Amino acid sequence: DSGVTQTPKHLITATGQRVTLRCSPRSGDLSVYWYQQSLDQGLQFLIQYYNGEERAKGNILERFSAQQFPDLHSELNLSSLELGDSALYFCASSVEQWGDTQYFGPGTRLTVL
Amino acid sequence: ILNVEQSPQSLHVQEGDSTNFTCSFPSSNFYALHWYRWETAKSPEALFVMTLNGDEKKKGRISATLNTKEGYSYLYIKGSQPEDSATYLCASNRDDKIIFGKGTRLHILP
């Protein structure tokens, strides 16, 4: 158990819908990272937040957005969902920023039908 | 190299044997190199983070080295055990991004 929690574990929804994935980092960690793992690709970095502020952006689509709240939990919002958005979404946290060990949560499996 | 590449893709090793595999990454604007162990149906587990050229890290029977000038890292496993069966991922931090390789899938044969 890494200490990072993600909810829900599984999510099934329809195309065009909007969902929110939630992540609680390890106690004391200030950075949260979001990743997408789809069948045909490796882990893709989406976005990083540090102490409530966006710090780095990866391959995140405009239909996706995220935020980190004052209690440091983070939410990833996915809208206008398409079949291709079906994937495993991981959240990770670290004490500070790049160069620190990242601890991964168990992931949220999103299925878009 | 613009991507992170790992070789081999898959490896079968007899229990008790030692093995190693490679991660190649862009050497420009390098910041850090991460190694993860990823078992099926679980999430990636951090093994090492290395930042300096020549870094060597060790955790039990697993160790790693880093060459930032030529852009490669090796992961070594000594005396492989069945519980070492997993996918080993490396990831390179550069330009405020992190890029993962596709992993080396390690199978330990009894």
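Residues numbered from 1 in each chain as written. Chains lettered and ligands numbered in written order. Predicted model: local features only at pLDDT ≥ 70, side-chain atom pairs only at ≥ 80, totals over all residues. Heavy atoms only, no water.

A. Region of the structure containing the sheet that holds strand S7 (residues 62–67) of chain B. All names here are of chain B. Taken in spatial order, the 5 strands of this open sheet run S1-S3-S8-S7-S6, and their pairing is antiparallel. Two strands in the sheet have a free side with no partner beyond their single neighbour: strand S1 (5–7) and strand S6 (56–59). For this sheet, the mean angle separating the axes of adjacent strands, direction not counted, is 15°. Sheet analysis places S6 next to S7, joined by 4 bridges and oriented antiparallel. Looking at the pairing, Lys58 lines up with Ser63 of S7. (Pairing = 2+ DSSP bridges. Helix = DSSP H or I, 4+ residues; strand = E, 2+ residues; numbered from the N terminus. Axes fitted to C-alpha atoms, helices over the stretch in contact; angles between N-to-C directions.)

B. Main features of the state of the cysteines. Residues and elements named next belong to chain B. Using the criterion set out here, one finds 2 disulfides over all chains in the structure. At a sulfur-sulfur separation of 2.0 Å, the disulfide partner of Cys23 is Cys90. Because the torsion about its S-S bond is 80°, the bridge between Cys23 and Cys90 counts as right-handed. Placement of Cys23 in strand S3 (residues 19–24) and of Cys90 in strand S9 (residues 86–94) is noted, with a sequence separation of 67 residues between them. Neither Cys23 nor Cys90 differs from the other in exposure class; each is buried. (Disulfide = S-S within 2.5 Å. Buried < 20%, exposed > 50% of the residue type's maximum accessible area, 1.4 Å probe, protein only.)

C. View of unusual backbone geometry. Here Thr7 of chain A and Pro8 of chain A are connected by a cis peptide whose omega angle stands at -10°. With respect to the element layout, Pro8 of chain A can be found in the loop between strand S1 (5–7) and strand S2 (10–13). Put simply, Ser7 of chain B and Pro8 of chain B share a cis peptide bond, and its omega is -5°. Relative to the elements of secondary structure, Pro8 of chain B occurs in the loop between S1 and strand S2 (10–14).

D. Layout of the interface of chain A and chain B. Listed by partner, the interface residues are 18 residues for chain A and 17 residues for chain B. Between chain A and chain B lies a buried interface of about 1,400 Å² when both sides are counted; carbon and sulfur atoms form 65% of it. Per-residue buried area on chain A facing chain B is highest for Leu43, Trp98 and Phe104 of chain A; these three make up 40% of the total on that side. Joining chain A to chain B, the criterion identifies 0 salt bridges. (Contact = heavy atoms within 4.5 Å. Buried area = accessible area lost by both parts, 1.4 Å probe. Salt bridge = Lys/Arg side-chain N within 4 Å of Asp/Glu carboxyl O.)

E. Main features of the packing of aromatic side chains. Overall, the coordinates contain 12 aromatic pairs over all chains when judged by the stated rule. Centre to centre, the rings of Phe90 of chain A and Trp38 of chain B are 5.7 Å apart; their planes meet at 75°, and the pair counts as edge-to-face. Taken as a pair, Phe90 of chain A in strand S9 (residues 87–94) and Trp38 of chain B in strand S4 (residues 30–38) lie in two separate chains rather than in one. Ring pairing ties together the aromatic residues Tyr35, Phe45, Phe90 and Phe104 of chain A together with Tyr36, Trp38 and Phe100 of chain B, which thus form one cluster. Here the basic side chain of Arg26 of chain A rests over the ring of Tyr103 of chain A, its NZ or CZ set 3.7 Å away from the ring centre. (Phe/Tyr/Trp six-rings, centres within 6.5 Å; stacked < 30°, edge-to-face > 60°. Lys NZ or Arg CZ within 6 Å of the ring centre and 35° of its normal.)

F. Geometry of the sheet that holds S1 of chain A. Residue and element names in this part refer to chain A. Spatially, S1-S3-S8-S7 is the arrangement adopted by the 4 strands of the open sheet, whose pairing is antiparallel. In this open sheet, the two strands that pair with only one neighbour each are S1 and strand S7 (64–68). With strand direction ignored, the average angle separating the axes of adjacent strands in the sheet is 15°. Pairing of S7 with strand S8 (residues 74–78), which is carried by 5 bridges, proceeds in the antiparallel orientation. Counted as the bridge partner of Ala66 is Leu76 from S8.

Nothing here speaks to function; it is geometry throughout.
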